[in-house]
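So you can see what is in the structure, the chains are spelled out below.
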Amino acid sequence: QVQLVESGGGLVQPGGSLRLSCAATGITFRVYTMGWYRQAPGTQRELVATITSAGSTNYAASVKGRFTISRDNAKNTVYLQMNSLTPEDTAVYYCYTSWRNYWGQGTQVTVSS
């Protein structure tokens with residue numbers, strides 16, 4: 001059974017940092033593109049960042065220079081380091097794998113003072 005389990009979300013003040021993790025089971029993790037998407041209330045789900053099996057990364061313009069995506073194939077885990085957070089980053093963050101375009105359940109990130 002395939003599972004993507006996100007963790008690391010929470011409440012943080014503007015300017016703060018969070019690190020999201022997504023642990024994958026049931027897939028050959030190293031061969032798939034992994035990514036993070038987010039969805040704020042009343043908006044469509046949008047790309048945050050992706051990382052290919054070769055380690056190539058892609059970022060949304062709104063997070064470039066503040067967020068870093070990485071992966072640890074030995075741990076079947078993808079990470080999203082988020083720095084300089086703003087209230088506009090508040091959303092549910094979803095882990096994604098290119099295996100059948102599968103999604104995790106999401107983790108809430110709230111940036112507020």
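Computed from a prediction, not measured in an experiment: that's the story for all the values here.

Chemist: How should I be thinking about the state of the cysteines in this particular structure?
Modeler: Working definition: the covalent bond between the sulfur atoms of two cysteines is a disulfide. Inspection of every chain in the model, using the stated rule, returns one disulfide. What pairs with Cys-22 in a disulfide is Cys-95, and their sulfur atoms sit 2.1 Å apart. Its S-S torsion of about -85° marks the bond between Cys-22 and Cys-95 as left-handed, since a negative value means left-handed. Taken together, the residues Cys-22 in strand β3 (residues 18-25) and Cys-95 in strand β9 (residues 91-97) connect sequence positions 73 residues apart. You'll find Cys-22 and Cys-95 in the same group, each marked buried.

Chemist: Any chance you could explain the sheet that holds strand β8 (residues 77-82) here in plain terms?
Modeler: Sheet strands pair via backbone hydrogen bonds, and the direction of the pair is either parallel or antiparallel. Across the sheet, which stays open at both edges, the four strands sit in the order β1-β3-β8-β7 with antiparallel pairing between neighbours. The outermost strands of the open sheet, each flanked by one partner alone, are β1 (3-7) and β7 (67-72). In this sheet, adjacent strand axes meet at a mean angle of 15° when their direction is disregarded. Judged from the six bridges that link them, β7 and β8 form a sheet pairing that is antiparallel. Residue pairing across strands places Thr-68 opposite Gln-81, the latter belonging to β8.

Procedures and definitions
Residues numbered from 1 in each chain as written. Predicted model: local features only at pLDDT ≥ 70, side-chain atom pairs only at ≥ 80, totals over all residues. Heavy atoms only, no water. Disulfide = S-S within 2.5 Å. Helix = DSSP H or I, 4+ residues; strand = E, 2+ residues; numbered from the N terminus. Buried < 20%, exposed > 50% of the residue type's maximum accessible area, 1.4 Å probe, protein only. Pairing = 2+ DSSP bridges. Axes fitted to C-alpha atoms, helices over the stretch in contact; angles between N-to-C directions.

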